[in-house]
Amino acid sequence: MNKKSKYLITITILSLIFCNKVYASCSEIELNHFKEIESQYKVTYNYDANNNQNIIKIYNPEPSKYEYRILTNESDNANVVFKRIDNYNYEVTGKIYVEYTIEVVGKTSTCNDVLKTLTITPPPENGYHDDPLCEGIEDFALCQSEYKKPITREEFESRVETYKENLKTENQKPSNSQNNQTSNFDEKNETENNDIINKIIKYGQENLTTVIIIIIFIILLIITATITIKNAIKRRRLE
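Residues numbered from 1 in each chain as written. Predicted model: local features only at pLDDT ≥ 70, side-chain atom pairs only at ≥ 80, totals over all residues. Heavy atoms only, no water.

## Some points on the packing of aromatic side chains
Here's step 1: For the structure shown, the criterion picks out five aromatic pairs.
Here's step 2: Relative to Y41, the ring of F34 lies with its centre 5.5 Å away and its plane at 45 degrees, an arrangement referred to as tilted.
Here's step 3: Note on F140 and Y163: the rings are 4.3 Å apart at their centroids and 25 degrees apart in plane angle, and the pair reads as stacked. In this pair, F140 sits in the loop between β8 (114-120) and α3 (153-172) while Y163 sits in helix α3, placing the two residues 23 residues apart along the sequence.
Here's step 4: One aromatic cluster is present, formed by F34, Y41, Y66 and Y68 through successive ring pairs. (Phe/Tyr/Trp six-rings, centres within 6.5 Å; stacked < 30°, edge-to-face > 60°. Helix = DSSP H or I, 4+ residues; strand = E, 2+ residues; numbered from the N terminus.)

## Here we look at the pattern of salt bridges
Here's step 1: The tally for this structure, following the rule as stated, stands at two salt bridges.
Here's step 2: The shortest N-O distance in the salt bridge between E62 and K65 comes to 3.9 Å.
Here's step 3: Taking relative accessible area as the criterion, K65 reaches 36% and is therefore assigned partly exposed.
Here's step 4: Of the charged contacts in the structure, one is a salt bridge between R69 and E103, with a shortest N-O distance of 2.7 Å. Here the residue R69 occupies a position in strand β4 (residues 66-73), and E103 occupies one in strand β7 (residues 100-106), the gap between them amounting to 34 residues.
Here's step 5: The class of R69 is partly exposed, set by a relative accessible area of 22%.
Here's step 6: On the basis of relative accessible area, E103 is assigned to the buried category, the value being 12%. (Salt bridge = Lys/Arg side-chain N within 4 Å of Asp/Glu carboxyl O. Buried < 20%, exposed > 50% of the residue type's maximum accessible area, 1.4 Å probe, protein only.)

Following this line, the structure appears as structure tokens:
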């Protein structure tokens, strides 16, 4: 069996899965319409710890025009169950050991192109500690080899991004050493100022007589200067 024959459509959502009509490529108008609603075609992938199984949820907003098909190796489908919830929602449960390629294809008589391709990748058995995203953050819990809990790729990438953002924010804050240096500098200046004041007080206490004489001299000098200025002003007025 060649490589192409090993791959098959394990599920084609909606009733036209086995239709034998010959379809045509999608027109410009149909392609533009799909672009408008493309973001609504969602495939979510989660792990159910209680039942120890993976769950893929598939949503189709326009089942009359488009359908999903899931491609994987035939031998890897044995433990996977495909369930139709309603016309818009499908659920795939089981142990997801391999990568699943999920395509959104047109299902009308004028459009059968593959319009969107999504990939579901199971978490590695030995965790994500060897993942390139862990470079530089090896101390992060999800990046350690001891972490073996099942986690989806999407959740792993999201938590790594959050961790890196928090780490970046922490690094932008002033470090404790910088804060300590600033505090020590302020304390040093305050100590020096107190020393100068204490020296002045001590000098005044030890040389009280000299200080009093200096103070009296300054007062007399001020009084003399004041009287002299007043007399000079009076003489000018008399003149």
